[in-house]
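The primary structure of each chain is shown beneath.
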Amino acid sequence: MSKNNKNKNNKPAPAPEEENQSIEFIDEDGNVMAFEILGTVEYEGVEYAAFLPTDVESSPIHIFEVIEELDSDYDTYAGIGDQELVDKIYKKFMEEYKDIYNFTD
């Protein structure tokens, strides 16, 4: 996948300073992994975020559920155990962001 600044559907393209926003997650083994935030989509009333690992050259996009923390300035992200659901969310993400990113197999 490569980035592209086209914006035909009035979807806001990430501002240059936002394009490189990253977040670090700690996996169950205690390993720290850095991800670039690509965007969010809503699927069946739930918000999901798409992330791309920054330290792996050709890694797939990771989808996490966004859990809004009411008593914090930060959201929590939860993994999704249902691969069929992940595939549906990823398909919607590709549709909504097709003018911002070029998706390739």
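Residues numbered from 1 in each chain as written. Predicted model: local features only at pLDDT ≥ 70, side-chain atom pairs only at ≥ 80, totals over all residues. Heavy atoms only, no water.

Undergrad: An account of the packing of aromatic side chains is needed here, citing residue identities and associated values.
TA: Evaluation of the coordinates by the stated rule reveals 11 aromatic pairs. Relative to Y77, the ring of F51 lies with its centre 5.2 Å away and its plane at 85°, an arrangement referred to as edge-to-face. With F51 in strand β4 (residues 46-53) and Y77 in strand β6 (residues 76-78), this pair connects stretches of sequence that are 26 residues apart. We classify F51 as buried; its relative accessible area is 0%. Linked through ring pairs, F25, F35, F51, F64 and Y77 together constitute an aromatic cluster. (Phe/Tyr/Trp six-rings, centres within 6.5 Å; stacked < 30°, edge-to-face > 60°. Helix = DSSP H or I, 4+ residues; strand = E, 2+ residues; numbered from the N terminus. Buried < 20%, exposed > 50% of the residue type's maximum accessible area, 1.4 Å probe, protein only.)

Undergrad: Residues and numbers for the confidence of the model for the protein chain, please.
TA: Overall, the prediction assigns the protein chain a mean pLDDT of 79, with 79% of residues at 70 or greater. For the protein chain, strand β1 (residues 2-3) is the element with the lowest average pLDDT, namely 37, and helix α2 (residues 83-96) is the one with the highest, namely 95. Here residues 1-18 is modelled with pLDDT under 50, and outside its nearest four sequence neighbours on either side it reaches 37 contacts, counting other chains as well. (pLDDT = per-residue confidence, 0-100. Contact = heavy atoms within 4.5 Å.)

Undergrad: Tell me about the sheet that holds strand β3 (residues 32-43), residues and numbers included.
TA: Spatially, β2-β3-β4-β5-β6 is the arrangement adopted by the 5 strands of the open sheet, whose pairing is antiparallel. At either end of the open sheet lies a strand with only one pairing partner, and these are β2 (22-26) and β6. Adjacent strand axes in the sheet meet at a mean angle of 50° when their direction is disregarded. Relative to β3, α2 is tilted by about 75°, and along the sheet it contacts β3, β4 and β5 (62-67). (Pairing = 2+ DSSP bridges. Axes fitted to C-alpha atoms, helices over the stretch in contact; angles between N-to-C directions.)

Undergrad: Any chance you could break down the environment of Y97 for me, citing the residues and the numbers?
TA: Mapped onto the fold, Y97 is located in the loop between α2 and β7 (101-102). Residue Y97 is classed as buried on the basis of its relative accessible area, which comes to 10%. Note: C-alpha distance between Y97 and G39 (58 residues apart in sequence) is 8.2 Å. Setting aside chain neighbours within four positions, we find Y97 in contact with L38, G39, T40, V41 and F103.

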